[in-house]
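Next come the chains, spelled out residue by residue.
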Amino acid sequence: MNFIGRWIATAVAAAVAVFLVPGISVVGTGSTAVSVILFALVLALINVSIKPILQLLGMPISVITLGLFYLLINAALLFLASSITLGLFDTGIYISSWFSGVIAAIVISIVSTFVCGIIGVDD
């Protein structure tokens, strides 16, 4: 149930990011809702599997930059999720630049934390 809650929170956060952040758009053959849900599923799977490893490896750099390196890790994982969904499913979210990716990472982090708090999903 914890993963499903995180997936729902990520889907809501991705939809908010598409709406708020310039440079991020929904592309592909599917509907907007399907694109966001598939993107959120891939992003949730990446966050469960790859993100902890990258955070552990990037910890020395993150300590030096006072945690700002985590934003670049989150943006890189957004780009990875975007390329996977566009490559496999021919639908998803397109991120046009690194600046848009970093802003989207901030928006998705804030909104997903808020939604997880509302629906009662903990770490």
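Bear in mind that the values here come from a model prediction, so they are computed numbers and not experimental data.

**Q** When you look at the layout of surface pockets in this model, what are you seeing that I'm missing?
**A** The gaps of empty space that remain are located by a probe, the size of a water molecule, rolled over the atoms. By volume, the largest pocket amounts to about 630 Å³. Surrounding the largest pocket, 24 residues form its lining, R6, T10, N47, K51 and S112 being those nearest its centre. Among the secondary structure elements, those contributing two or more residues to the lining of the largest pocket are α1 (2–20), α2 (32–49), α3 (51–57), α5 (69–89) and α6 (98–119). Sorting elements by how many residues they give to the lining of the largest pocket places α6 first, with seven residues.

**Q** When you look at the nonpolar core in this model, what are you seeing that I'm missing?
**A** Burial of nonpolar side chains together is a common tendency in soluble globular proteins. Counting 26 residues, the largest nonpolar core has I24, F39, L78 and I93 as the members making the most contacts within it. Where this core is concerned, the elements lending two or more residues are α1, α2, α5, β2 (91–95) and α6. The dominant element in this core, judged by the number of residues it contributes, is α6, at seven residues. If sequence neighbours within four positions are ignored, I93 has contacts with A14, V18, I24, S25, V26, V36, F39, S82, T85 and L86.

**Q** Even after reading the chapter, I still don't get α1, so can you show me in this structure?
**A** In an α-helix there are 3.6 residues to a turn, and that puts residues three or four apart on one side. Under the 1.5 Å per step criterion, the end-to-end length of α1 is 27 Å for 19 residues, consistent within 8% with the ideal 27 Å. If you check which residues of α1 are buried, you get G5, A9, T10, A11, A13, A14, A17 and V18. Considering only its buried residues, α1 is in contact with β1 (24–28), α2, β2 and α6.

**Q** What should I look at first to understand empty space enclosed by the protein in this one?
**A** Under the counting rule described, the total for this entry stands at one cavity of 30 Å³ or more. Considered as a void within the structure, the largest cavity measures approximately 50 Å³ in volume. Lining the largest cavity we find A14, A17, V18, I24, F39, L78, I93, I95, A104 and I108. Those elements that provide at least two residues to the lining of the largest cavity are α1, β2 and α6. By residue number, the principal contributor to the lining of the largest cavity is α1, which donates three residues. Tallied by class, residues from the lining of the largest cavity come to 10 nonpolar, no polar and no charged.

Reading the values: rules and limits
Residues numbered from 1 in each chain as written. Predicted model: local features only at pLDDT ≥ 70, side-chain atom pairs only at ≥ 80, totals over all residues. Heavy atoms only, no water. 1 Å grid on protein atoms, 1.4 Å probe; cavity = no way out; pocket = protein on both sides within 12 Å on 5 of 7 lines; lining within 4 Å. Points joined across faces, edges and corners; volume = space filled by probe spheres on them. Helix = DSSP H or I, 4+ residues; strand = E, 2+ residues; numbered from the N terminus. Core = buried A, V, L, I, M, F, W, Y, C linked by side-chain atoms within 4.5 Å. Buried < 20%, exposed > 50% of the residue type's maximum accessible area, 1.4 Å probe, protein only. Contact = heavy atoms within 4.5 Å. Expected span 1.5 Å × (residues − 1). Nonpolar A, V, L, I, M, F, W, Y, C, P; charged D, E, K, R; others polar.

Read these as layout, nothing more, since geometry by itself doesn't imply function.
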